[in-house]
There are 2 protein chains.
Amino acid sequence: MPAIRNQIRELRALREMTQQQLADQVGVTRQTVIAIEQDKYSPSLETAFKVAIALGVPLEQCFQYDSRGRR
Amino acid sequence: MPAIRNQIRELRALREMTQQQLADQVGVTRQTVIAIEQDKYSPSLETAFKVAIALGVPLEQCFQYDSRGRR
DNA sequence: GCTCCGTGTTAAAAATATTTGACATCCTTA
DNA sequence: TAAGGATGTCAAATATTTTTAACACGGAGC
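A quick note: this is a predicted structure, and the numbers were derived from the prediction, not measured.

Colleague: Outline the nonpolar core, supporting the account with residue identities and numerical values.
Modeller: Taken as a class, soluble globular proteins show a tendency for nonpolar side chains to be buried jointly. Core analysis: the biggest nonpolar cluster contains 40 residues, and A:Leu59, A:Phe63, B:Leu59 and B:Phe63 have the highest contact counts within it. Not counting residues up to four positions away in its chain, the partners in contact with B:Leu59 are A:Leu45, A:Phe49, A:Leu59, A:Glu60, B:Leu45, B:Ala48, B:Phe49 and B:Ala52.

Right, dumping it as structure tokens:
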């Protein structure tokens, strides 16, 4: 569980997009989307970019590095 | 070789930073820095974030997704 | 000439990300 | 109650990233 948070679930809800639909657009499996959404591990930069694009936001609006010491 | 470009070499030169120094700050090996710098593969999002931070720029200023059809 | 430093390469091993497939739960709706 | 959709979990296999270690090359300086 890396020090990275994400807004996938919220963004997905905003666009009324299912995990399966996001997975298809990104080109990964549903399990991968679940794992990333739940911070199970740090995705590859390429996958991260594709997720952000599929959700229609810049990468940093989808993933934030937890700069150790959240205030 | 993913569709992602990066400005690592240029940013590193700007700060007069060696590959080894960057690797140390990021917490990876020199070979990893070389591989990323040369687009050998897509790093993990976590590593990408650390590289950007070490270089003092936001992630998207360091890595750009090659949105297939660069104009 | 030699040596140090920064860079690049290679191969094999280790670690981590991703896939495949199967099954469970909770809603909704017929 | 049965069925379908969306989500979640698990384990094993595969793919990809990262490490380790060794060696090569060019440039700068002595």
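Colleague: Can you lay out the side chain of B:Gln19 for me, pointing to particular residues and giving the numbers?
Modeller: Residue and element names in this part refer to chain B. Counting through the fold element by element, Gln-19 comes out in helix α2 (residues 19-26). What makes Gln-19 buried here is its relative accessible area of 16%. Beyond its immediate sequence surroundings of up to four residues, Gln-19 is in contact with Arg-9, Arg-12, Arg-30, Val-33, Ile-34 and Glu-37.

Colleague: Describe the pattern of salt bridges, listing the residues and the values that go with them.
Modeller: Residue and element names in this part refer to chain A. Under the criterion given, the structure shown has eight salt bridges over all chains. Here Glu-37 makes a salt bridge to Arg-9, at a shortest N to O gap of 3.1 Å. Here the residue Glu-37 occupies a position in helix α3 (residues 30-37), and Arg-9 occupies one in helix α1 (residues 8-14), the gap between them amounting to 28 residues. What makes Glu-37 buried here is its relative accessible area of 11%. With relative accessibility at 48%, the residue Arg-9 sits in the partly exposed group. Arg-12 is the salt-bridge partner of Glu-37, the closest N and O atoms lying 3.1 Å from each other. With a gap of 25 residues between them, Glu-37 in helix α3 and Arg-12 in helix α1 connect regions that are remote in the sequence.

Colleague: How would you sum up the protein's contact with DNA strand D? Please name residues and give values.
Modeller: For DNA strand D, the set of nearby residues contains 19 residues, the closest of which are A:Arg9, A:Thr18, A:Gln19, B:Gln31 and B:Thr32. Among atoms of DNA strand D positioned within 4 Å of the protein, sugar and phosphate together represent 61%. Between B:Thr32 and DNA strand D, the recorded distance is 2.4 Å, taken from a side-chain N or O atom to a phosphate oxygen. Of the residues that constitute the surface near DNA strand D, the class distribution is four nonpolar, 11 polar and four charged.

Colleague: Go over the packing of aromatic side chains, please, and point to the residues and values.
Modeller: Using the criterion set out here, one finds two aromatic pairs over all chains in the structure. For the pair A:Phe49 and B:Tyr65, a centre-to-centre distance of 5.6 Å together with 40 degrees between the ring planes defines the contact as tilted. One end of the pair, A:Phe49, is in helix α4 (residues 45-55); the other, B:Tyr65, is in strand β2 (residues 63-65), on a second chain.

Colleague: Describe the relation of the copies chain B and chain A, with residues and values.
Modeller: For the pair chain B and chain A, the relating rotation is 180 degrees, the translation along its axis is 0.0 Å, and the fit reaches an RMSD of 0.0 Å. Within this description, the copies of the chain are treated as partners about a two-fold rotation axis. When you check the interface residues of chain B against chain A, 100% turn up at the interface there too, and the contact is symmetric in its surfaces.

Colleague: So what about the interface of chain B and chain A? Which residues, and what values?
Modeller: Taken residue by residue, the interface counts 18 residues in chain B and 18 residues in chain A. Across the chain B to chain A interface the summed buried area is about 1,500 Å²; carbon plus sulfur atoms make up 73%. If you sort the residues of chain B by the area they bury against chain A, B:Leu45, B:Phe49 and B:Tyr65 come out on top, with a joint share of 41%. Inspection of the region where chain B meets chain A yields zero salt bridges. Inspection of the chain B/chain A interface yields six residue pairs in polar contact (both at pLDDT 80 or more). Looking at the side of chain B that touches chain A residue by residue, the class counts come to 12 nonpolar, three polar and three charged.

About the thresholds
- Residues numbered from 1 in each chain as written.
- Chains lettered and ligands numbered in written order.
- Predicted model: local features only at pLDDT ≥ 70, side-chain atom pairs only at ≥ 80, totals over all residues.
- Heavy atoms only, no water.
- Core = buried A, V, L, I, M, F, W, Y, C linked by side-chain atoms within 4.5 Å.
- Buried < 20%, exposed > 50% of the residue type's maximum accessible area, 1.4 Å probe, protein only.
- Contact = heavy atoms within 4.5 Å.
- Helix = DSSP H or I, 4+ residues; strand = E, 2+ residues; numbered from the N terminus.
- Salt bridge = Lys/Arg side-chain N within 4 Å of Asp/Glu carboxyl O.
- Near = heavy atom within 4 Å.
- Polar contact = N/O pair within 3.5 Å; in protein donor to acceptor, adjacent residues only side chain to side chain.
- Nonpolar A, V, L, I, M, F, W, Y, C, P; charged D, E, K, R; others polar.
- Phe/Tyr/Trp six-rings, centres within 6.5 Å; stacked < 30°, edge-to-face > 60°.
- Least-squares fit on C-alpha atoms with pLDDT ≥ 70 in both.
- Buried area = accessible area lost by both parts, 1.4 Å probe.

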